[in-house]
Amino acid sequence: MESEDLQIGPEIFGELLQGCVYERAIHTGQQIHARILKNGDFFARNEYIDTKLVIFYAKCDVLDVANRLFFRLRVKNVFSWAAVIGLNCRMGFNEEALIGLVEMQQMGVFPDNFVLPNVLKACGALALVGVGRAVHGYTLKVGFDGCVFVGSSLIDMYGKCGFLDDARKVFDGMIERNVVAWNSMIVSYVQNGINEEAIKVFHEMRSEGIELTRVSLMSFLSASANLDALEEGKQGHAIAIIGGLELDNIFGSSILNFYSKVGLIEDAELAFSIIVEKDIVTWNLLISSYVRHGLVEKALNMCHLMKSKNLRFDCVTLASILAAAADTSNLKLGKEGHCYCIRNNLESDVAVASSIVDMYAKCERIDDAKGVFNSITNRDIVTWNILLAAYADFGLSGEALRIFYQMQLEGVSPNVISWNSVILGFLRNGQLNEAKDMFSQMQSLGVQPNVITWTTLIAGLAQNGHGNEAILVFQNMQEAGIKPTAASITCALSACKDMASLRNGRAFHGYVTRHDLCLLTPIATSLVDMYGKCGNTHQAKRVFDMVLSKELPLYNAMISGYALDGQAGEALALYKHLQKEGIDPDNITFTNLLYGCNHAGLINEGLELFCSMISKHRVNPSMEHYGCVVSLLCRCGNLDEALRLVVKMPYDPDAHIIGSLLAACRAHQENELADYLSKHLLQLEPENPGNYVAISNAYAAAGSWNEVSKVRDLMKEKGLRKYPGCSWIQIGEEVHVFLAGDRSHSNTEEIYAILASLGMEMRFNAEILHS
């Protein structure tokens, strides 16, 4: 046209700029802009061209130029406002987008169905549901509610703000629903953790014949991964293959992420291998998957492979490497990761710095963790919580409390995770009252305890011997409307086990039965353990038999129950069955079996087990295993063999082993050895009154009454008293505790009268048997 000297009007330049918008051809558009300027003010000051230039630069995300041209406009129409508001949304300047909406209305320009979706997007990003509702009201007023683009944006806004019922009302009320509307509804459900509904909408979408997009399938795969829904996820993968969707780095990463989350690592590896163009995100997904499933060597091999392809580690890669070091307590690997961060200026990233703190803490280098923490300039709540958790895990409650107050002084408000860590620190240190005070404080300050808070308190009380209180806390948790997890229930069952409270244990069994939780392995194992420790092996066996797919912890709990109940034969039979099932026993299995043989006096079986443990199963015996065998030999009168084993074992004998030898010496009149062992025992545990009583009994058996007096006098000098034996029984809601020699119970006279009657009856029956 120029070569023919044909006149080119503003509309031609406008069309050319529109073409550049479609192609996002920034350089061509800039050349056209230059040509417009060369043609003089008639073109350069033309309102139509000025608006087209604003739209062009806005669509090409050139913020400074678009804003400069926009502010120069003499007349700002709805198209220029739409372009600038849309640009602000895309660039993440959501507040400016909403301010733009207000300004355009003040200037008498009303938003249309191109402006409103961007405004709703800004509302969703800022979680301003109130503003979003106002915009929704405006769409109804001006009649844009029938626009599919506005409807889809409303669904997205309500979804991002967490108002799923409102999103669904908009969705159900749409006359026309395109694929964007369907995708918005599915994505909203997934973002809010309502994965079952997301899958349901996906199936409805297919039945309606709507063509699926990458977004549809990626959201469906994410929902399937979150639900551990293996079949659904595989179906999504199959749909993608049938639909000919290419596994690029974005869609391929979704499939890889699904297989990783459901634990199908080989399938994840296969998906990784066929992704056309792998970016750093794809590599990081597989590496983090390896770390999550404990495959540290594979994760490190992938890191080496990345380097061989000249790909640089980013913050996510380093966070995975440091997590691997933390999980395996591999300080060398952790330090290498830390050094890489320093060399590549990555330690300023908060997530990486937090991972370094966590790594040093997990490797029991708390001072190094604190040093790195102090070097972080922009500490967030996550970083503070990591250090808090580290001190809590070590039981350093005082330091954890100091950190808790320091974070508040620096303007960081503690969240429920912070409170949980302080409570855990107190419980680890045995400070139960302080832990309960913190629990009360958080509630009074409006911080609602979550299920982890309740479970931590239940576990801490149970572990510190306050089983009744632990059970009451469990009941309070239910009253507060918190649904117990498997961990909560196992902690409560542990409290029942430690108190030998069969009544409470049965109540919990009833609870898990009503809620269909009996077949969960951790709960079934805890039930078997509880019944076994309470002496009801019959009921323990019933629970054991209910579980179809049995794992080693369940076998160990049942074997322990038999061993405690003196049923060593049943324990050994179950051990043989375990091996037939192809399950390898561990050190806990052998501890329980040796304990059972010890109490049943099965010396040959016990020694055979001990040899099998070392030679066949390659389990290194611990001090506890040696203690069981020594006790077994001593009980059966093989003092010489017991001594030979003590000399050969790779540990210095502990008080338990020396106590077993001392009892055997007393039975065999080995006075000189008993004297030597007595002195050694008192050196090991000088404050244990039970040891003094054992030594005194040994001297008494040998007739050394002077030595008996010396030991008793030594106990008095140290202010030691033998802890009296204790037993208890629960009748109704009340637990009755009895100490040896204690006559303080209100029914003492009646109790002792019944005991005397029973004693007389037993003696009478014994005389009849002997006559």
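Residues numbered from 1 in each chain as written. Predicted model: local features only at pLDDT ≥ 70, side-chain atom pairs only at ≥ 80, totals over all residues. Heavy atoms only, no water.

By the naming in an unreviewed UniProt entry, the protein chain goes by Chlororespiratory reduction 21 and is assigned to Acer negundo.

**Focus: the overall build of the protein chain**
Each helix and strand in the protein chain was counted, giving 44 helices and two strands. Here the C-alpha atoms of the protein chain give a radius of gyration of 37 Å, more than 25% beyond the 28 Å that 2.2 N^0.38 yields for 771 residues. Dimensions along the principal axes, computed over C-alpha positions, put the protein chain at roughly 135 × 60 × 55 Å. Out of the 771 residues belonging to the protein chain, those deemed buried represent 46%. For the protein chain, the proportion of contacts with a sequence separation of at least 24, taken over those separated by at least 6, is 57%. (Helix = DSSP H or I, 4+ residues; strand = E, 2+ residues; numbered from the N terminus. Rg over C-alpha atoms; globule rule 2.2 N^0.38 Å. Buried < 20%, exposed > 50% of the residue type's maximum accessible area, 1.4 Å probe, protein only. Contact = heavy atoms within 4.5 Å.)

**Here we look at the packing of aromatic side chains**
This structure, assessed with the given rule, holds 18 aromatic pairs. Arranged with centres 3.9 Å apart and planes meeting at 15°, the rings of Phe 202 and Phe 220 form a pair that is stacked. Residue Phe 202 is located in helix α13 (residues 195-207), and its partner Phe 220 is located in helix α14 (residues 214-227); the two are separated by 18 residues in the primary sequence. Assessed through its relative accessible area of 0%, Phe 202 is described here as buried. Note on Phe 220: relative accessible area 1%, which makes it buried. With a centroid separation of 6.2 Å and an interplanar angle of 85°, the aromatic rings of Phe 474 and Tyr 511 are classed as edge-to-face. In this pair, Phe 474 is assigned in helix α29 (residues 467-479) and Tyr 511 in helix α31 (residues 502-514), connecting sequence segments 37 residues apart. (Phe/Tyr/Trp six-rings, centres within 6.5 Å; stacked < 30°, edge-to-face > 60°.)

**Quick look at the pattern of salt bridges**
Under the definition given, this model contains 19 salt bridges. Its salt-bridge partner being Lys 332, residue Glu 336 comes within 2.8 Å of it at the nearest N-O pair. In this pair, Glu 336 and Lys 332 are both assigned in helix α21 (residues 331-343), four residues apart and thus about one turn of the helix distant. A salt bridge links Lys 497 to Asp 529, with the shortest nitrogen-to-oxygen separation between them at 3.3 Å. Placement of Lys 497 in helix α30 (residues 486-499) and of Asp 529 in helix α32 (residues 521-533) is noted, with a sequence separation of 32 residues between them. A relative accessible area of 16% means that Asp 529 is categorised as buried. (Salt bridge = Lys/Arg side-chain N within 4 Å of Asp/Glu carboxyl O.)

**Examining the UniProt feature "repeat: PPR" (unreviewed entry) in the protein chain**
The sites that carry the UniProt feature "repeat: PPR" (unreviewed entry) are, in the present numbering, residues 77-111, 178-212, 279-313, 380-414, 415-449, 450-484, 551-585 and 688-722. The span residues 178-212 is 74% helix and 0% strand, and its two end C-alpha atoms sit 11 Å from each other. Secondary structure within residues 450-484 divides into 74% helix and 0% strand; the distance between the first and last C-alpha atoms comes to 10 Å. (UniProt positions renumbered as here; feature names shortened; annotations may be inferred.)

**Points about the nonpolar core**
Judged by nonpolar contacts, the single largest core of 231 residues is most densely connected at Leu 527 and Leu 661. Contact partners of Leu 661, with chain neighbours within four places excluded, come to Val 630, Cys 634, Leu 639, Ala 642, Leu 643, Val 646 and Leu 677. (Core = buried A, V, L, I, M, F, W, Y, C linked by side-chain atoms within 4.5 Å.)

**Re the environment of Pro 522**
Relative to the helices and strands, Pro 522 resides in helix α32. For Pro 522, a relative accessible area of 46% corresponds to the partly exposed category.

**A look at the packing of α32 against helix α34 (residues 552-564)**
The contact between α32 and α34 brings their axes to 8 Å, and the two run at 5°. Between α32 and α34, the angle is such that the two are roughly parallel. Within the contact between the two elements, α32 uses Ala 524, Thr 525, Val 528, Asp 529, Gly 532 and Lys 533 and α34 uses Pro 553, Leu 554, Ala 557, Met 558, Ser 560, Gly 561 and Leu 564. Broken down by class, the residue content of the contact of α32 with α34 amounts to seven nonpolar, four polar and two charged. (Axes fitted to C-alpha atoms, helices over the stretch in contact; angles between N-to-C directions. Parallel < 35°, antiparallel > 145°, perpendicular 65-115°, else oblique. Nonpolar A, V, L, I, M, F, W, Y, C, P; charged D, E, K, R; others polar.)

**Quick look at the packing of α34 against helix α36 (residues 587-600)**
Here α34 crosses α36 at 15°, and the two axes come no closer than 8 Å. What the angle tells us is that α34 and α36 run roughly parallel. Note that α34 runs across α36; the crossing there is left-handed. The segment α34 lies against α36, with Leu 552, Asn 556, Ile 559, Ser 560, Ala 563 and Leu 564 engaging Ile 588, Thr 589, Asn 592, Leu 593, Tyr 595 and Gly 596. Of the residues contributing to the contact of α34 with α36, the split by class is seven nonpolar, five polar and no charged. (Left-handed = near helix turned anticlockwise from the far one by under 90°.)

**A word on helix α38 (residues 623-635)**
With 13 residues, α38 ought to run about 18 Å at 1.5 Å a step, and its terminal C-alpha atoms sit 18 Å apart, in line with that. Taking burial as the measure, the 13 residues of α38 include 11 buried ones, the bulk of the element. If you check which residues of α38 are buried, you get Met 623, His 625, Tyr 626, Gly 627, Cys 628, Val 629, Val 630, Ser 631, Leu 632, Leu 633 and Cys 634. Looking at the residues trailing α38, positive phi occurs at Gly 637, about 85°. (Expected span 1.5 Å × (residues − 1).)

**Focus: the state of the cysteines**
By definition, a disulfide links two cysteine residues through a covalent bond between their sulfur atoms. Applying the stated criterion across every chain yields a total of zero disulfides. Sulfur of Cys 123: no disulfide; nearest cysteine sulfur belongs to Cys 161 and is 7.3 Å away. Unpaired in this structure, Cys 147 has its nearest cysteine sulfur neighbour in Cys 89, at a distance of 16 Å. Judged by relative accessible area, Cys 147 falls into the buried class, the value being 14%. (Disulfide = S-S within 2.5 Å.)

**Quick notes on helix α4 (residues 47-59)**
A rise of 1.5 Å per residue sets the reference length of α4, with its 13 residues, at 18 Å; its end C-alpha atoms lie 18 Å apart and thus fit the reference within 8%. Counting buried residues along α4, 10 of its 13 residues qualify, which places the element largely inside the surrounding structure. By the burial criterion, the buried members of α4 are Ile 49, Asp 50, Thr 51, Lys 52, Leu 53, Val 54, Ile 55, Phe 56, Tyr 57 and Ala 58. Asp 61 occupies a position one or two residues after α4 and carries a positive phi of about 60°.

**Some points on the side chain of Ser 254**
With respect to the secondary-structure elements, Ser 254 resides in helix α16 (residues 249-261). The buried category is assigned to Ser 254, whose relative accessible area is 13%. The residues contacting Ser 254, other than those within four sequence positions of it, are Met 218 and Leu 221.

**Some remarks on a nonpolar patch on the surface**
A contiguous nonpolar surface patch, about 490 Å² in accessible area, is contributed by Tyr 752, Ile 754, Leu 755, Leu 758 and Met 762. Looking at where Leu 755 falls in the secondary structure, it is placed in helix α44 (residues 748-770). (Patch = residues over 30% accessible without salt bridge, like charges linked within 9 Å, V, L, I, M, F, W, Y side chains within 5 Å. Areas by Shrake-Rupley, 256 points an atom, 1.4 Å probe, with all protein chains shown as cover.)

**A look at the environment of Pro 484**
Looking at where Pro 484 falls in the secondary structure, it is placed in the loop between α29 and α30. Expressed as a C-alpha distance, the spacing of Pro 484 and Phe 56, which sit 428 residues apart in the sequence, is 57 Å.

**A few points about unusual backbone geometry**
For Asp 228, which is not glycine, the phi torsion reads 60° and is therefore positive. Relative to the helices and strands, Asp 228 resides in the loop between α14 and α15 (230-242).

**Observations regarding the environment of Ser 288**
Structurally, Ser 288 is set in helix α18 (residues 280-292). For the pair Ser 288 and Thr 591, spaced 303 residues apart in sequence, the C-alpha to C-alpha distance is 36 Å. A polar contact is formed between the side chain of Ser 288 and the backbone oxygen of Leu 285, at a distance of 2.9 Å. (Polar contact = N/O pair within 3.5 Å; in protein donor to acceptor, adjacent residues only side chain to side chain.)

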